[in-house]
Every structure is written in C-alpha cells, then in structure tokens.
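Tertiary structure, described
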Amino acid sequence: MATETPGQETQETLSNLLSETRRFAPPADLAAAANVTAEAYEEAAEDRLGFWERAADRLTWARRWDTTLEWEPPFAKWFVGGRLNVAYNCVDRHVEEGRGGKVAFYWEGEPEDDSRTITYADLAKEVAKAANALEELGVRKGDRVAVYMPMIPELPIALLACARIGAIHSVVFGGFSATALKSRIHDADAKIVITADGGFRRGAPSALKPTVDEAVAESPGVEHVLVVRRTGQDVPFGDKDVWWHDLVDRQADTHEPVPHDAEDPLYILYTSGTTGKPKGILHTTGGYLTQVAWTHHAVFDLKPETDIYWCTADIGWVTGHSYIVYGPLANGATSVIYEGTPDTPHRGRFWEIVQKYKVTILYTAPTAIRTFMKWGDDIPAKFDMSSLRVLGSVGEPINPEAYVWYREHIGAGRCPVVDTWWQTETGGIMISPLPGVTAGKPGAAMRPLPGVVADVVDDQGNSVQNGGGGFLVVREPWPSMLRTIWGDDKRYVDTYWSRFDGMYFPGDGAKRDEDGDLWLLGRVDDVMLVSGHNISTTEVESALVSHPKVAEAAVVGATDPVTGQAIVAFVILRGGADESGDIAGELRAHVAKTLGPIAKPRQIMVVPELPKTRSGKIMRRLLRDVAENRSLGDVTTLTDSSVMNLIAEKLPSAK
Ligand code: 6R9
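About the cut-offs
Residues numbered from 1 in each chain as written. Predicted model: local features only at pLDDT ≥ 70, side-chain atom pairs only at ≥ 80, totals over all residues. Heavy atoms only, no water. UniProt positions renumbered as here; feature names shortened; annotations may be inferred. Helix = DSSP H or I, 4+ residues; strand = E, 2+ residues; numbered from the N terminus. Buried < 20%, exposed > 50% of the residue type's maximum accessible area, 1.4 Å probe, protein only. Contact = heavy atoms within 4.5 Å. Polar contact = N/O pair within 3.5 Å; in protein donor to acceptor, adjacent residues only side chain to side chain. Pairing = 2+ DSSP bridges. Axes fitted to C-alpha atoms, helices over the stretch in contact; angles between N-to-C directions. 1 Å grid on protein atoms, 1.4 Å probe; cavity = no way out; pocket = protein on both sides within 12 Å on 5 of 7 lines; lining within 4 Å. Points joined across faces, edges and corners; volume = space filled by probe spheres on them. Nonpolar A, V, L, I, M, F, W, Y, C, P; charged D, E, K, R; others polar. Near = heavy atom within 4 Å. Areas by Shrake-Rupley, 256 points an atom, 1.4 Å probe, with all protein chains shown as cover.

Our focus in this paragraph is the UniProt feature "modified residue: N6-acetyllysine" (unreviewed entry) in the protein. As annotated by UniProt and renumbered to match this structure, "modified residue: N6-acetyllysine" (unreviewed entry) occupies Lys617. Its place among the elements puts lysine 617 in the loop between strand 30 (603-606) and helix 20 (620-627). We classify lysine 617 as partly exposed; its relative accessible area is 36%. Contacts of lysine 617, omitting those with residues within four sequence positions, involve Gly395, Glu396, Pro611 and Lys612. Among the polar contacts made by the side chain of lysine 617, one reaches the main-chain carbonyl oxygen of glycine 395 at a distance of 2.7 Å.

Strand pairs in the sheet, formed through backbone hydrogen bonds, run parallel or antiparallel to each other. If you trace the eight strands from one edge of the open sheet to the other, you get 12-11-8-6-7-14-15-23, paired in mixed fashion. The open sheet is flanked by strand 12 (241-243) and strand 23 (484-485), the only strands paired with a single partner. By the bridge criterion, six bridges tie strand 14 (residues 265-271) to strand 15 (residues 279-284) in an arrangement that is antiparallel. Bridging across to strand 15, proline 265 finds its partner in threonine 284. Contacting strand 6 (144-148), strand 8 (192-196) and strand 14, helix 8 (residues 178-188) crosses the sheet at an angle of about 145° to strand 14.

Strand order in the open sheet formed by four strands is 21-22-24-25, with antiparallel pairing between adjacent strands. The open sheet is flanked by strand 21 (454-457) and strand 25 (518-523), the only strands paired with a single partner. Strand-to-strand, the axes of this sheet are offset by a mean angle of 40°, without reference to chain direction. Relative to strand 25, strand 24 (residues 508-512) is paired through four bridges, and the arrangement is antiparallel. Directly across from aspartate 508, in strand 25, lies its bridge partner arginine 523. Sitting on the sheet, helix 18 (residues 537-545) touches strand 24 and strand 25, and the angle it makes with strand 25 is about 105°.

Before going further, it helps to spend a moment on the layout of surface pockets. Roughly 250 Å³ of internal volume is contained in the second largest pocket. In terms of lining, the second largest pocket is formed by 15 residues, of which the most central are Tyr41, Pro448, Leu449, Val452 and Val453. In the lining of the second largest pocket, the residues fall into ten nonpolar, two polar and three charged.

Let's shift gears to unusual backbone geometry. The step from proline 73 to proline 74 runs through a cis peptide bond, and the omega angle for that step is 0°. Tracing the sequence through the fold places proline 74 in the loop between strand 1 (67-72) and strand 2 (75-80). Between threonine 344 and proline 345 the backbone carries a cis peptide bond, its omega angle lying at -5°. With respect to the helices, strands and loops of the structure, proline 345 is situated in the loop between strand 17 (334-338) and helix 13 (349-357). A positive phi angle, close to 50°, is found at aspartate 301, a residue other than glycine. Summarising the element assignment, aspartate 301 is placed in the loop between helix 11 (286-299) and strand 16 (308-311). We note that lysine 358 has phi near 55°; this positive angle belongs to a residue other than glycine. By secondary structure assignment, the location of lysine 358 is in the loop between helix 13 and strand 18 (361-364).

Under the UniProt annotation, the feature "domain: AMP-binding enzyme C-terminal" (unreviewed entry) is placed at residues 539-617. Annotation note: span residues 539-617, helix share 25%, strand share 32%, distance between end C-alpha atoms 16 Å.

So, about the site of the ligand. Around the ligand lies a shell of 16 residues, among which Asp419, Thr420, Thr424, Asp508 and Arg523 are the nearest. Contacts to the ligand include glycine 395, whose backbone N or O atom sits 3.1 Å from a nitrogen atom. At 2.7 Å, a side-chain N or O of aspartate 419 approaches a nitrogen atom of the ligand. Notes on the ligand: free accessible area 530 Å², of which the protein chains cover 90%. Among the secondary structure elements, those contributing two or more residues to the shell around the ligand are helix 12 (318-330) and strand 25. Residues that form the shell around the ligand fall into these classes: six nonpolar, five polar and five charged.

Pasting the structure below:
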C-alpha cells in the first residue's frame, strides 16, 4: 500500500478530507460601494496586460512606459521604459493634491502614553530631510542600505528616503542576531546601516546597537551607522556612528525627487529560510508599486478618506513592506503603526488600539488570532470595535475555526474576512477573496486575484480539477514578482522555476474544491505520507482547532515502522478548557470523526507553547525532531528557544 510517489488516489485523499460548508456572503452595503466588483475578473481574463496597465495608471509616472511586459522566462521586466519615483508617489503627490493635512500614520509606541501623529505634509518633510542626510553620508543610487530598527516612525521614513534617492534598502528584522545581520550586510555589500539604540519590548527597553556593533566590526564595507535615539539607554558610540538627530534634523526639508527606471531595484528582503544561506529577494520599482497599491485598494476595499487601516505585522517582514509602507501610502491611506506586542501591558492592547483610533480595516496573522482565542473571548468583548468593517489574515493557512472566531469575536459577524495568500517572493497579494464580491469560505483563500494566473497541478505539472490536491503554481508573470535572488540568478531559476516547466513554484501545497476555490495546505515539505496517503498538516491542524478545547495545533509526520509516517500532534488548549480526563483520546476521536480514521494522530501532546519563527510561522521541522526523538536542528530563527525545553519536558510519551 505504501508508495513513494503521490498518485491519483493519494491526491484525492488529500483533497477529500476537510469538508467545510459554511459560507459568508459580502455585506450588501459593502458590496454596493466596493472599489472592485466581479467585472475585474472578466476584464483581466480578457486582457491581462491591459488590466495591469490600468492598475499602473493609478500611480503618477514621470515618463510613461513603452512596453508593459518583456518576458524572457523566467526573467520579467514590467513597464519597460517607464520612470517614476516611489517616494513621490507615496508622499509628495498627496501633499500636492491638497491632502497634506491628512494623517499618514498614527504611531502608537509600546509605552501607553507614547504616540505620534504624522500627516502626509510631515512625512514629506521628514523623508526629504532623511534623503538629504543619506546623500550627505555619500549614499548614491544603487547603493545598499541595511536597516535594523524597531517599529518607530523613522523606519518607514528611512525606507522612503532610500527609495527617493534610488538606494536599495535591505531591512533585517530587529530580532535577528548579529550573525544573521552580518551575513545579510555582507551578501548585499551594504554601505550604510540605519539602526536605533534600542526598542521597547514587553515593557522594557531592549538594546539593538550592540548587535549592530558586533556585525559592523566584521563588515569593513560599512562606512557609516546612522542611529536613532529611541530608548535613551547608554550605547557604545564609535567612529562610524552618527546620531540621526544630529544629522537628519539639520537638513533642508525639501528634496527634489528624481524619477527612477521602472526596473531599478527598490529593495532586497531576505527570506529567513530554515535551511541554507538566506535568499536575497529582489524587488523593483514600477511593477512592485503597481501591484501592492492595487491589491491594497482591492482586497481591503480601502477608502482613503474614511478608513483607518491597521496592519499589525512588523516592517521587518514583507507584509510590513508592502502593506504598512508602500501599498497604503501609495493609496493615501491613514494607517496605525504599533511598536509593541499584543500582551503589553495587557492582553487587550490590540483591541484598545482599535477602539482608540476607530480602526476600520485590520490585517493580522493566524498565529495572533489563535493566541487571542487561547486568551479567551472575554478580552475583546470589553472593547468597542464597532468601527471595524474588513478583516484580513496572512502568513499561514487560517484554520476554519480561527476564521470563524475572528469573524465573530473581532468582527461581530459583520466584517468579511479576507485570507490573503502570498510570499516575500510574490511581493504582493496573489490569492484572496474580494470583500465586496466573494462569498467567503472559512479557511479558503478562494481565487487568484484578477491579473494573477495561479493553478493547482499534480506532480507531473498537469492541472488538477474538482476536489483535487496538489502543488500551487503561478502560470504567468505578475508585476510585483521577484526579479531574481540578489547576486544569484542560477539559484533563482533552480529554486522557483525548475520543479515544473515554465511555471513558478512557490513551494506550497493546495487543493481546488468542487466550486473551483483554492485552499492552501502549507509548505509541501510538511505534507505527511501515512499508509500511502498524502495528508496535509494543515487539515489535521484545522480539525484539531475545531474542537472547542483547542486553541492551536501543530502536526508533523514522524517515521513509523508500520505506516511509513505517523501523525503526531502538539496542541495548546484554549483559556479555561478542562484538562482533566483523557484529552488525547477525545481529540483523536474528534479528528477521526471530522476527517476520517486515516488522519487520526498516533499521539497527541498538550504543550504550553509552539515553536515559531519570528514572523509567527510554526516550525514543524523542530517538532519533527522531537517526535522522532532526535536532537534538535538549527533553532536560531526561533522567537524563543526556551519553548523547545518546555515541550521536551512533556515528552516521555513521545517516544
Ligand atoms: C506574506 C508572507 C510565505 C509563505 C507562503 C505560505 C505561507 C502566507 C498564507 C500562507 C496559507 C495564507 N502563507 N500567507 N499560507 N494561507 N493566506 O507570509 O510571506 O514570510 O515569505 O511567507 O507563508 O506557505 O509560501 P513569507
């Protein structure tokens, strides 16, 4: 029965497990006034390039492009010959068009009394000053600037200043180690590092500068380190170091924006990559801004005059680049930026912020939603969140139960949930419901957006239809696609374009249901092969999370002498759940009932926490090590490595 290659039968198994029948139609008033209607799908299907041209026309170009797409697979150039300045599009044009007094960012520091309001006019001045400062430091177009900062206003200002002068930023998440920072500085050959003395984390200042010093000590190519004073803590200050307030504050607050080529690089962002050297994903100017601006307008139905938009991601990740900085600003949105964690100083902090700023659109991650479920329904219930109208999710598959909880307890059953699938590499959202069009299904990312041609294929690359599971691919180039891996075209081709001929392979499993809607099933490396059946970790996790006692679950396949692989589950219980009795037995029976006996875990362990990457994704690789009783692999990308000790303590039964 056990077979190595997933054949037709196993494809069916993967697809037929989860049957979710709930549907949520768009609210009538939202649908009636929606930015994008169902016609967009038809328009894009008829003329895909024409569709993206109209999206590009939402931006201000200094020179219109000659050719929309030059495609020499797998290398794409979009809007060839066009010239524009990203910072001008994100900031100046709003001021010129009379919206200078409009708030760009409500910034909320982690300490509760610490906030700043930044209008578009303020932002224009700050970006101009920072651009002048970078030029004074000798930064020129094409130079690389490493950015290692907490979530403070100077972070988006620094990125926009780089974009303005055509310098390529490379943001390294502020939680990464000196080694990680150093390898990214070296790979991109960065000339400048922008950082801060520190940031606030869970109520206390946490230093960043010493980490930068350690990395810079071994980076002779770095000429200057520009340091924002945020926490005021004592930090060592050396020859290369310059205080932001000394240099930037004395600059002129105007700066002429030079237009850049549509294909000039905008930024590099390293994917954290659990194995091997991190990949420097390269994004360019015109196509990237076109797609992030259009998707932000369409997927969140953003009305810049009235909406208050909040994306809770860190700017250190692509979600922050595309949907805190570039997309929202290009659209002239008013956004909230929050520096801290959801539990500081209390577990209602997010909802307090929603209430304070009357947030209308909230974009967060399944890991956060499951944490809120664990903390209990009573916490969000204490706050007035009646301003909310659209809820977004990104980062991992959202389990149907987490979706429904989000819809009900945060959105009061009134707000559509848009589950947005995309990657650092895709630059912008690719698969998502449209809130005024799509009748959403909990757990499904639904359809490729207009202008995006995605498909589900079997291991031979043939399109899988009704109810079939397989591999997600993208068949046609899209404007915000990565152009290459920085300095490594071969790795770009090998990683993304070699698995299936002529198709982009993102590395995710997916299924298409009978209605043609797409469900993302997690990374293909995580798919389990049990008695010859391909079973997705996502589906078993979703079945576990659908049990009222479970807040979060992670499932892995562990080698098993009988079945090839056996399912091992790690679960976190919801706040207040009764732990007495045979909880493992109860959950195993629940999975068998929901998905079928084949998907029943061999073991279930109740744990206090799960290992997650710093961007909140579950690290199943480490759990596999535990389940197979091996010593742990690389734990450096974990948020908190003590989590693995907590799990190990629970383990005798795992053997
Ligand atoms: C934006 C971002 C990309 C990987 C991606 C996939 C997973 C992201 C998802 C999702 C299911 C969603 N992912 N969004 N899986 N449904 N809505 O997260 O970029 O950090 O590069 O991660 O995240 O596995 O391939 P990145």
